[in-house]
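Chain and residue survey
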Amino acid sequence: MRKILPWSMAGRKKELENRIFSVETRTMISPTSGREHDFFVLEAGDWVNVIPVTPDGQVVLVRQFRHGTGEMTLEIPGGLIEDGQTPEQAAARELLEETGFAGRGLKLLARVRPNPAILTNWCYMFLACGVEKTAGTHWDETEEIEVVLADLAAIPEMVKRGEIDHSLVLSAFLFFYLNNGEKLVELRDS
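Here goes a summary of the coordinates provided. (Residues numbered from 1 in each chain as written. Predicted model: local features only at pLDDT ≥ 70, side-chain atom pairs only at ≥ 80, totals over all residues. Heavy atoms only, no water.)

Another aspect to go through is the environment of Leu109. Looking at the secondary structure, you find Leu109 in strand 9 (residues 106–112). Accessibility expressed as a relative area gives 8% for Leu109, which makes it buried. The spacing of Leu109 and Gly45 is 64 residues in sequence and 19 Å in space, taken between C-alpha atoms. (Helix = DSSP H or I, 4+ residues; strand = E, 2+ residues; numbered from the N terminus. Buried < 20%, exposed > 50% of the residue type's maximum accessible area, 1.4 Å probe, protein only.)

Right under this line is the structure:
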């Protein structure tokens, strides 16, 4: 088997910058051919998402319009980690802002790379047990969200039917089940 080597950077140029991400052209040198190739990289801040479960086993989901696909999606609450925030603080904030629900604490399920081919960031995935409606919602100016409650037991079928198809949401549920999430919910709610 041939061992591959990392590419080296010959240069970089910022193409675009906004509040969510910046686009950079990176000129990279192939370790095999020695030739230069340009790649576009999105530099983005880290993200969080959270699986919120109520004491009676309901998952708090959010439905919203996504401009990339031009469609409504069913997701779990999440968003950007703001400057000065820990991932846990951002997860609690996003949960409260998007749904009005809050819990007794957060458990980190996983940290994943959303798309290492073009993105530089991480996504932190949390479980929040025993969440209850404690406040009104406080959406960003560009957010319009419908809060949807679904039985935790129904989530696998919703995934199979394609009702939940956001890859980072699917990743969060994968880690939820790999971490015996149902048992974590039972222990925290008892």
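And the narrative resumes.
Next up on the list: the packing of aromatic side chains. Going through the model one piece at a time under the given rule, you end up with 2 aromatic pairs. Between the aromatic rings of Trp7 and Phe39, the centroid separation amounts to 5.6 Å while the plane-to-plane angle is 85°, which identifies the pairing as edge-to-face. Placement of Trp7 in the segment before strand 1 (8–17) and of Phe39 in strand 3 (residues 36–44) is noted, with a sequence separation of 32 residues between them. On the numbers, 4.9 Å between centres and 85° between planes, the contact of Phe176 with Tyr177 is edge-to-face. Look at Phe176 and you get buried, because its relative accessible area is 0%. (Phe/Tyr/Trp six-rings, centres within 6.5 Å; stacked < 30°, edge-to-face > 60°.)

A few words now on helix 3 (residues 167–178). In this model helix 3 runs 16 Å from its N-terminal to its C-terminal C-alpha over 12 residues, within 8% of the 16 Å that 1.5 Å per residue would give. Of the residues making up helix 3, those classed as buried are Leu168, Val169, Ala172, Phe173 and Phe176. The buried residues of helix 3 occupy one face: seen down the axis, they fall within an arc of 140°. Positive backbone phi, at 55°, marks Asn180, one or two positions downstream of helix 3. (Expected span 1.5 Å × (residues − 1). Arc of directions from axis to C-beta.)

As a further point, take the nonpolar core. Residues Ile51, Val59, Leu61, Ile155, Ile164 and Phe173 are the most contacted members of the largest nonpolar core, which totals 24 residues. Breaking this core down by element, the ones donating at least two residues are strand 4 (47–53), strand 5 (58–66), strand 9, strand 10 (123–129), strand 12 (145–151), helix 2 (155–160) and helix 3. Broken down by element, the residue count for this core peaks at 5 residues, all from helix 3. Not counting residues up to four positions away in its chain, the partners in contact with Ile164 are Leu61, Leu74, Ile155, Met158, Val159, Val169, Leu170 and Phe173. Within the second largest apolar cluster, 12 residues are counted, among which are Val60, Ile81, Leu95 and Tyr124. (Core = buried A, V, L, I, M, F, W, Y, C linked by side-chain atoms within 4.5 Å. Contact = heavy atoms within 4.5 Å.)

A separate point is the pairing of strand 6 (residues 71–75). As paired elements, strand 5 and strand 6 share 5 bridges and run antiparallel to each other. Within strand 6, the residue paired with Phe65 across the bridge is Met72. The hairpin turn running from strand 5 into strand 6, its antiparallel successor, is 4 residues long, and Gly70 in that turn takes a positive phi close to 70°. (Pairing = 2+ DSSP bridges.)

This brings us to the sheet that holds strand 2 (residues 21–29). Sheet strands pair by backbone hydrogen bonding; their relative direction is either parallel or antiparallel. With antiparallel pairing, 3 strands are arranged side by side in an open sheet as 1-2-3. Bordering the open sheet on either side are strand 1 and strand 3, each of which pairs with just one other strand. With direction set aside, neighbouring strand axes in the sheet form an average angle of 25°. Here strand 2 runs beside strand 3; their pairing, made up of 9 bridges, is antiparallel. From the neighbouring strand, Ile29 faces strand 3, where its bridge partner is Glu36. (Axes fitted to C-alpha atoms, helices over the stretch in contact; angles between N-to-C directions.)

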